[in-house]
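Below, each chain spelled out in residue letters.
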Amino acid sequence: MSSTTTLQKEGNPTGNPGEGQPSDGLKAGLKNRHLSMIAIGGVIGAGLFVGSGGGIAKAGPAILISYALVGAMVVFVMRMLGEMAAASPNSGSFSAYADRALGRWAGFSIGWLYWFFWVVVLAVEATAGAAILESWIPAVPQWAWALIVMAVLTATNLGSVASYGEFEFWFAGIKVVAIGAFVIVGMLAVFGVLPGSDNPGSGFAHLTDTGGFFPNGYGAVLTGVLMVVFSFMGSEIVTLAAGESENPRKAVTRATNSVIWRIGVFYLGSIFIVLTLLPWNDKSITEKGSYVAALDSIGIAHAGTIMEVIVLTAVLSCLNSGLYTASRMAFSLGERGDAPKAFAKVNKNGVPVAAILGSTVFGFVAVYFNYAFKDTVFNFLLNSSGAIALFVWLVICFTQLKMRGILVREAPEKLTVKMWLFPWLTWATAALIMFVIGYMFVDDANREVVTLSTLVAGVVVLVGVVLDFRRKRALQG
């Protein structure tokens, strides 16, 4: 594929940058309000609500530094991705850019690994949502709830991209309102000015009054990084969705420019509230969950039920976006000849039906494995996909290093979003990601995950290199 072809593919037949209908058959069915909520909701996963308690228990108040480090890493990666996506919106996003900048094997490898990550997530989230629904309606078994949830969201995605966007708009809206209210109410309680609050309102004292800011030592910050890094996966979804929006370039620019405050408010802001309302070693944080414990300390009635509703919303949002993301990556791979051609076909509504159904089938199979072979097959799937988020971010770094040169030479006018302090900050971000991956190998809790993920990635890369070599020989012969 020539660079001209790649850079001119702006998602419209007219050639006007970032405007009009996608030229790949997909329809521009996502409105600006959809993209805005997809961008915001993409950084708020169920992991923020469910997994933050464990991180607090390990690092204490210093977990804020862990969140800040990972948040900065995500901000930089999104800026790099935004630079490329604003110049050339594409449903394959970083996979398509890696294809162009690093080689066909790179686009193939990272595309399939990303697809694999999300179809495994489908099973995880479907099971988590089913567990909540079963606790409400025990008459329906958990496995049936998982199938029902998967089937409903599959139908939503099969309808049109607008139906996906509408569902995600409301799912993300609930998450945003919930966290916004939590931060505001929590801040009032921290300073003792919330009417009727049961919390004594200790100000910022809890950040240092129980063993200091680093109660478990400085090394706990790195442990915290490993515990929180995976809850940030999903911020890049907006760059895939932008290709089906009314104005891709504007949507990508807005999303990448706002990622700093989104991470600051939703992650750092909400965790900061938890740490100032309760001592970090309060047992309720790990027993009930950090947000439920914080709400209970204020005296909010039915805090557990409220959080179950919010977590279920986060789960459904993740499922909805996971199916959308996996299908669009499969569509892009099919379009580039790296997946079955059927994946690249769309119906009259501009929906890649085969790509959606293919992703859903694997998701259903993974759900089955989760119930039938939880400790063997599903455990392997889970661990072998666990570190793929870091691999994706690393590939984005190296892709942006090459794509900047290509854009400067061939289409400098399309550099409307630029990575800061290029190339130094790009290299620094790549180094930090490689450090985190390396640290996982020496961390007992993460060694199996990173080892299996690396092995699976190695196999996929090998397949990509072999296919690339065979294509080149066929062209020469």
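K.L.:
Looking at this model, I keep getting lost on the pattern of salt bridges. Mind explaining?
P.N.:
Opposite charge on two side chains allows them to pair when their charged atoms are near. With the rule as written, the count across this model stands at 11 salt bridges. Measuring nitrogen to oxygen at the nearest pair gives 3.8 Å for the salt bridge that ties E410 to R100. Taken together, the residues E410 in helix α17 (residues 388–410) and R100 in helix α5 (residues 93–101) connect sequence positions 310 residues apart. Relative accessible area serves as the criterion here: at 35%, E410 is assigned to the partly exposed category. A relative accessible area of 22% places R100 in the partly exposed class. The salt bridge partner of D444 is R447, with a shortest N-O separation of 3.0 Å.

K.L.:
Looking at this structure, how should I read the packing of aromatic side chains?
P.N.:
By convention here, two paired aromatic rings are described through the distance between centres and the angle between planes. Applying the stated rule across the entire model yields 24 aromatic pairs. Consider the rings of F116 and F362, whose centres lie 6.4 Å apart with planes at 80°: the pair is edge-to-face. Taken together, the positions of F116 in helix α6 (residues 104–136) and F362 in helix α15 (residues 353–372) put the pair 246 residues apart, joining distant regions of the chain. When its relative accessible area of 14% is taken as the criterion, F116 is described as buried. Summarising the aromatic geometry, the rings of Y368 and F369 are spaced 6.0 Å apart at their centres and angled 50° between planes, so their arrangement reads as tilted. Three or more aromatic residues link up through ring pairs in this structure, and these residues are F94, Y114, F117 and W118. For R33, the ring lying beneath its charged end belongs to F169, and the centroid distance is 4.7 Å. Directly above the ring of F422 sits R404, whose terminal nitrogen or CZ lies 4.3 Å from the centroid.

K.L.:
Would you mind showing me how to read the packing of α6 against helix α19 (residues 447–476) here?
P.N.:
Two elements in contact, α6 and α19, have axes separated by 8 Å at closest approach and are oriented at 140°. Pair α6 / α19 crosses with right-handed handedness. Judged by residue contacts, R104, W105, F108, S109, W112, L113 and F116 of α6 engage V456, A457, V460, V461, V463, G464, V465, L467, D468 and R471 from α19.

K.L.:
What is the right way to read empty space enclosed by the protein from this model?
P.N.:
Leftover empty space is mapped by rolling, across the atoms, a probe with the size of a water molecule. Under the criterion given, the structure shown has 3 cavities of 30 Å³ or more. Estimates place the volume of the second largest cavity at around 40 Å³. Taken together, L122, V149, M150, L153, T154, L319, L323 and T360 make up the lining of the second largest cavity. Where the lining of the second largest cavity is concerned, the elements lending two or more residues are α7 (142–159) and α14 (303–335). If one sorts the elements of the lining of the second largest cavity by residue count, α7 sits on top with 4 residues. Considering only residue class, the lining of the second largest cavity consists of 6 nonpolar, 2 polar and no charged.

K.L.:
Could you clarify how one ought to interpret the confidence of the model for the protein chain in this entry?
P.N.:
Interpretation of this model should avoid reading the predicted coordinates in detail wherever pLDDT is low. Confidence in the prediction of the protein chain, expressed as mean pLDDT, is 86, and 94% of residues score 70 or more. Low pLDDT (under 50) marks residues 1–21, which in the prediction has 58 contacts with non-local residues, meaning those over four places away or in another chain.

K.L.:
Teacher, can you tell me more about the side chain of R79 here?
P.N.:
Checked against the element boundaries, R79 lands in helix α4 (residues 63–87). Of the side chains bearing the opposite charge, E83 lies closest to the buried R79, which forms no salt bridge; the N-O distance is 6.6 Å. Here K418 takes part through its backbone oxygen, which lies 2.7 Å from a polar atom of the side chain of R79. Beyond its immediate stretch of four places on either side in the chain, R79 contacts N257, V417, K418, M419 and W420.

Conventions and cut-offs
- Residues numbered from 1 in each chain as written.
- Predicted model: local features only at pLDDT ≥ 70, side-chain atom pairs only at ≥ 80, totals over all residues.
- Heavy atoms only, no water.
- Salt bridge = Lys/Arg side-chain N within 4 Å of Asp/Glu carboxyl O.
- Helix = DSSP H or I, 4+ residues; strand = E, 2+ residues; numbered from the N terminus.
- Buried < 20%, exposed > 50% of the residue type's maximum accessible area, 1.4 Å probe, protein only.
- Phe/Tyr/Trp six-rings, centres within 6.5 Å; stacked < 30°, edge-to-face > 60°.
- Lys NZ or Arg CZ within 6 Å of the ring centre and 35° of its normal.
- Axes fitted to C-alpha atoms, helices over the stretch in contact; angles between N-to-C directions.
- Left-handed = near helix turned anticlockwise from the far one by under 90°.
- Contact = heavy atoms within 4.5 Å.
- 1 Å grid on protein atoms, 1.4 Å probe; cavity = no way out; pocket = protein on both sides within 12 Å on 5 of 7 lines; lining within 4 Å.
- Points joined across faces, edges and corners; volume = space filled by probe spheres on them.
- Nonpolar A, V, L, I, M, F, W, Y, C, P; charged D, E, K, R; others polar.
- pLDDT = per-residue confidence, 0-100.
- Lys, Arg positive; Asp, Glu negative; His and termini not counted.
- Polar contact = N/O pair within 3.5 Å; in protein donor to acceptor, adjacent residues only side chain to side chain.

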